[in-house]
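Here's the letter readout for the chains.
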Amino acid sequence: RGDSAAADRTVDSVCPYCGVGCQLSYHVKDEQILFVEGRDGPANQGRLCVKGRFGFDYPNHPARLIRPLIRRDGVAKGLDPDFDPARPLTHFREASWEEALEMAARGLVDLKSAHGPGALAGFGSAKCSNEEAWLFQKLVRTGFGSNHVDHCTRLCHASSVAALMECLGSGAVTASFMQALEADVVLLTGCNPAVNHPVAATYFKQAARGGTRLIILDPRGQALDAYAWRSLRFSPGGDVALYNAMLNVIIDEALYDQAYIDAHTEGFAALRQSVVDMTPEAMSGLCGVAPETIREIARAYATAERAMIFWGMGISQHVHGTDNARCLISLALACGQTGRPGTGLHPLRGQNNVQGASDAGLIPMVLPDYQPVGDAQLRAAFEELWGAELDPEPGLTVVEIMDAILAGQVRGMYILGENPAMSDPDLNHARQALAALEHLVVQDLFVTETAQFADVILPATAWPEKEGTVTNTNRQVQLGRAAVAPPGEAKPDWWIIQEIARRFGLAWDYAHPSEVFAEMKRGMPSLDNISWERLAREGSVTYPCPAEDAPGQDVVFSDAFPRAGGRARFAPTRPLPPDEPIDADYPTVLTTGRLLEHWHTGAMTRRASVLDALEPEATASLSPGELNRLGVAPGGAITIVTRRGEITLAARSDPGMPDGMVFVPFAYVEAAANLLTNPALDPFGKIPEFKYAACRLSRAAP
Ligand code: SF4
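Residues numbered from 1 in each chain as written. Predicted model: local features only at pLDDT ≥ 70, side-chain atom pairs only at ≥ 80, totals over all residues. Heavy atoms only, no water.

Let's shift gears to the overall build of the protein chain. Along the backbone of the protein chain there are 24 helices and 30 strands. Taking 2.2 N^0.38 as the reference for a compact globule, 702 residues should give roughly 27 Å; the C-alpha atoms of the protein chain span a radius of gyration of 24 Å, in line with that estimate. Looking at the protein chain residue by residue over its 702 residues, the buried ones come to 64%. Within the protein chain, the 84 negative side-chain charges are centred at a point lying 2 Å from the centre of the 61 positive side-chain charges. (Helix = DSSP H or I, 4+ residues; strand = E, 2+ residues; numbered from the N terminus. Rg over C-alpha atoms; globule rule 2.2 N^0.38 Å. Buried < 20%, exposed > 50% of the residue type's maximum accessible area, 1.4 Å probe, protein only. Lys, Arg positive; Asp, Glu negative; His and termini not counted. Charge placed at Lys NZ, Arg CZ, Asp CG, Glu CD.)

Moving on, we come to the sheet that holds strand E5 (residues 92-94). One open sheet holds the 7 strands; their spatial order is E5-E4-E18-E17-E16-E6-E7, and the pairing between them is mixed. Here the strands that pair on one side only, and so sit at the sheet edges, are E5 and strand E7 (149-150). Note: strand E16 (residues 412-416) against strand E17 (residues 439-444), 5 bridges, orientation parallel. Within the sheet, the bridge partner assigned to Ile-415 lies in E17 and is Val-442. (Pairing = 2+ DSSP bridges.)

Taking 1.5 Å of rise per residue, 14 residues should cover 20 Å, and helix H14 (residues 321-334) covers 20 Å from first to last C-alpha, within 8% of that figure. Of all the 14 residues making up H14, 14 are buried; the element is thus mostly covered by neighbouring parts of the structure. Positive backbone phi, at 65°, marks Gly-336, one or two positions downstream of H14. (Expected span 1.5 Å × (residues − 1).)

The next thing to look at is a nonpolar patch on the surface. Taken together, the side chains of Phe-54, Val-610 and Leu-614 make up a nonpolar region of the molecular surface, amounting to roughly 240 Å² of accessible area. When its relative accessible area of 46% is taken as the criterion, Leu-614 is described as partly exposed. (Patch = residues over 30% accessible without salt bridge, like charges linked within 9 Å, V, L, I, M, F, W, Y side chains within 5 Å. Areas by Shrake-Rupley, 256 points an atom, 1.4 Å probe, with all protein chains shown as cover. Salt bridge = Lys/Arg side-chain N within 4 Å of Asp/Glu carboxyl O.)

Residue position: His-157 is located in the loop between helix H4 (153-156) and helix H5 (158-168). Of the polar contacts made by the side chain of His-157, one reaches the side chain of Ser-160; its length is 2.7 Å. Each residue touching His-157, except ones within four places of it in the same chain, is listed here: Trp-311, Gly-312, Met-313, Ser-316, Pro-347, Leu-348, Arg-349 and Ile-687. (Polar contact = N/O pair within 3.5 Å; in protein donor to acceptor, adjacent residues only side chain to side chain. Contact = heavy atoms within 4.5 Å.)

Bringing the site of the ligand into the picture now. Close to the ligand lie Cys-15, Tyr-17, Cys-18, Val-20, Gly-21, Cys-22, Leu-48, Cys-49, Lys-51, Gly-52, Pro-198 and Val-199. Every element with two or more residues in the shell around the ligand is listed here: helix H1 (50-54) and helix H7 (198-209). Classifying every residue of the shell around the ligand by side-chain character gives 9 nonpolar, 2 polar and 1 charged. (Near = heavy atom within 4 Å. Nonpolar A, V, L, I, M, F, W, Y, C, P; charged D, E, K, R; others polar.)

Before going further, it helps to spend a moment on the sheet that holds strand E20 (residues 476-480). Pairing is antiparallel across the open sheet formed by 3 strands, whose spatial order is E19-E20-E21. Strands at the two margins of the open sheet, each flanked by one partner only, are strand E19 (468-471) and strand E21 (540-542). The average angle at which neighbouring strand axes cross in this sheet is 25°, direction not considered. In terms of strand pairing, E19 meets E20 through 4 bridges, oriented antiparallel. Of the residues in E20, the one forming a bridge with Gly-468 is Gly-480. Packing against the sheet, helix H3 (residues 130-144) makes contact with E19 and E20, and its axis sits at approximately 90° to E19. (Axes fitted to C-alpha atoms, helices over the stretch in contact; angles between N-to-C directions.)

Here we come to the pairing of strand E30 (residues 693-699). Sheet analysis places strand E23 (residues 588-593) next to E30, joined by 3 bridges and oriented antiparallel. Residue pairing across strands places Thr-588 opposite Cys-695, the latter belonging to E30. In this structure, strand E25 (residues 637-642) lies alongside E30, joined through 4 bridges in antiparallel fashion. Opposite Ile-640, over in E30, you have Leu-697 as the bridge partner.

Relative to the assigned elements, Asp-73 resides in the loop between strand E4 (69-71) and E5. In this structure the C-alpha to C-alpha distance between Asp-73 and Phe-92, which are 19 residues apart in sequence, comes to 8.7 Å.

We now examine unusual backbone geometry. A cis geometry characterises the amide bond from Tyr-543 onward to Pro-544, with omega recorded as -5°. Here Pro-544 is to be found in the loop between E21 and strand E22 (568-569). The phi angle at Asp-369 is positive, at roughly 60°, despite the residue not being glycine. With respect to the secondary-structure elements, Asp-369 resides in the loop between strand E14 (366-367) and strand E15 (371-372).

With that out of the way, let us pick up the nonpolar core. Ranked by size, the top nonpolar core spans 112 residues in total, and within it Trp-134, Leu-139, Phe-204 and Tyr-414 carry the most contacts. Sequence-distant contacts of Trp-134, defined by excluding residues within four places in its chain, comprise Ala-360, Pro-368, Phe-382, Leu-385, Trp-386, Val-516, Glu-519, Met-520, Gly-523 and Met-524. The next biggest cluster of nonpolar side chains, apart from the first, holds 63 residues, and it includes Phe-83, Ala-454, Leu-630 and Tyr-668. (Core = buried A, V, L, I, M, F, W, Y, C linked by side-chain atoms within 4.5 Å.)

Turning our eyes to something else, we now look at the packing of helix H17 (residues 398-406) against helix H19 (residues 427-436). H19 packs onto H17 with a crossing angle of 55° between their chain directions and a minimal axis gap of 8 Å. The angle between H17 and H19 places the two elements in the oblique class. For H17 against H19, the interelement crossing comes out left-handed. Only His-429, Ala-430, Gln-432, Ala-433, Leu-434 and Ala-436 of H19 make contact with H17, whose side of the interface consists of Met-402, Asp-403, Ile-405 and Leu-406. Looking at the contact of H17 with H19, its residues break down into 7 nonpolar, 2 polar and 1 charged. (Parallel < 35°, antiparallel > 145°, perpendicular 65-115°, else oblique. Left-handed = near helix turned anticlockwise from the far one by under 90°.)

So, in C-alpha cells, the structure goes:
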C-alpha cells in the first residue's frame, strides 16, 4: 500500500487487464502514477490482483512510442531477430502526424479504389474503450465498405457467444459472478480463475467458505481445488462426452425441472433422444471420469436449489467449443438453473473490454448489439444513423482474414491494439500473411511484433491516459478516467481513428468520447437508461437497466428469453475428436493460455517492471512424472515440436498437470507458443483450437 499523502492527486478508473473490471484509483505524483489502490467497485469491493495493483508502469517503458513512424524504403517486413523495439529507427523513420496519417490512409484508400472494399480489413481491440470500438467498426463498415472487422473475441469466447446467441438469444452472461455467493453449487469448468480472473476467484473462495459446493472440472489441477467439494480431471478433449453423460443421468433419473422446461424452453425431446445412449458407462472412456463420479456431480448440480456454471477458454478454444457451451446451456436449462439469484450461466470474459467491444460491433457478422448484418431492417436503421450504405454480407473473421491475405483477397489492414503476430494460431502462417500485406497500418503503444510488419505505426494512448467506458464480464459498464497525459506526441485512439475516417471522406466531428457514447445509445438498446453523466456519477451501471434511477439487472431472463416466443432452445451435441489427435509421432497434448502475471501477448505486462520481474522467462509446465520421463530437472530446457513449428524453453514442474500434457503461456516472443498451435476452427464460432494440439517433447541440448 502506497502513501496517498505523498500523491498530488487521485484519479478513479478501472483496471486495464481482465474482464473482472476491478475499479481502482491511480495515485499520481509529478505526472507519474505512484501507486494503485482498489476501490469499492461492484466487482471487486476494494480487491485487486497483482496485475491491477502492480502492473501500472508499462506506459513509461523506454520503448513507448511517442511519435508516428514510417517504414524506411527497402527494409523488409517481418520479425527480425536483431530488431530492437526500443531502438526502432533503423527500420522506421519518425514522421509528423500529418505525414503519417496521410500515408496511412492513402495506402488503404488506394487499395480500395483499385480492388474494391473487400481488399481491406481491420482488427480492433478489446483493450480499447467502447467508444473506440464503436468508431473502429463504423470506420470499417462505412469507410472501408465491408464487414471485415474482428477482434480478439474470435480467439477467446466466440464459440460461447455463438452458443448463447443460438440457445438464449443473448451473448452475455445471465448473472454476475457475485451471484456465486448466493449459489448452493458452483460448477467451474475449463477455467482457472485464480490465474485468469483472480478477483472473481476470491468470490468463489468466499462462496466455498460460506458453504457453496464448488465443483471443478478441468484436465489440469488448479489453486481453487483446495476450496472444491469435488475436483475432477477429465481427459483433454473429453468435455462434450462428460457433459452429455451428466445430461443422461439428469434425464434418466428424472432430476430435470419439468415445469421450467415447459414454461421456458423448446427442444427438450430432441435433447432427451440425443443423450439416451450417452450413459456414464459409455462416455467414461472418452472423458476419463468414473461413471459413479459423473452421477455424483450430475445429481449435485441438478438437485441444488440454486446452481451456477462458469466457464473459460478451456471450453471455448476447441473445434467443438460451441458444442461445449451448448452442453453447459442444456444443463442449466434442463435443471431450471437460470433467471433466479444464485443461478445462471457465466462465460468468464477475458480482456477488460471484450464484452463491450463485442457489444459495440467489432464482430464481422453482426452490427452493434449483435444485430445481424444480413437483416435488411436492422441494417437500414444503422444506414440511417450513419448516413451510409452498409454491406449486407458478413465479413471475414480473424483467422479467415489471414487466409484471405495469402489468397490475394485482402491486401491492406488497419490493426488497432491487437498483436496477431503473437496471438494467432500457427504463427508462421500468420506472420507470412502479415508480411504479404501491401499496406499495413498499426496503432499501438509499442513496436509490437505485429507493428514490425507495418508500413505506418501510429502512437496511441495507454488506458491510464484516456477517458472512456468499458464493459466487464458482468455486463457492468464502467467509466475510466485519464490519470496522466500521454507522452510525446501519442494521441487518443478515438482521435486517430477519426483522422483516418476523415481521410476516407467521412464527415466525422467528435470532440470527446462522450459524444461517441451518445451516438452509441442511438444504435444500442442495451445502453438504455445509461448515460455518460450517470456513469460519471455512479461509476458503474449494469445493463440491461430498466430506468434512469434504477439499478441494472444483475440476473436476467427471469420471465423470458430474448428469442422468438421468449423460449430458450436446447441444442443437442455429440462428442467429436480433437482436430489433431495425439498419435505415435506426436504423443503429447499441447495446451496454451495465460499466467497470473502476464497478460495475453505480453505487450503490456512484459513492459511492467514488477510483473516482468516475477515471471521473466518463458516456461513450459509439465507433471513431475513427465519431467522424469524426459530426464529433465525443473529449469532444464525442453523442445516442443508440432506439425507447424518448434520452440525450446525451460521446463517447470507442476503437479496440477496430467501426464501426457504440456502447458505453454503465449506471452513470450522468444518461445512463442503459437508457433505450435493448430489453426483448425470451430465451425460456428470460428475460434481456433488453442487448447489441444498434438506435440512431441524432448530434452534440449544444454
Ligand atoms: Fe485487474 Fe482482473 Fe486483476 Fe481485477 S482481477 S485487478 S480486473 S487483472
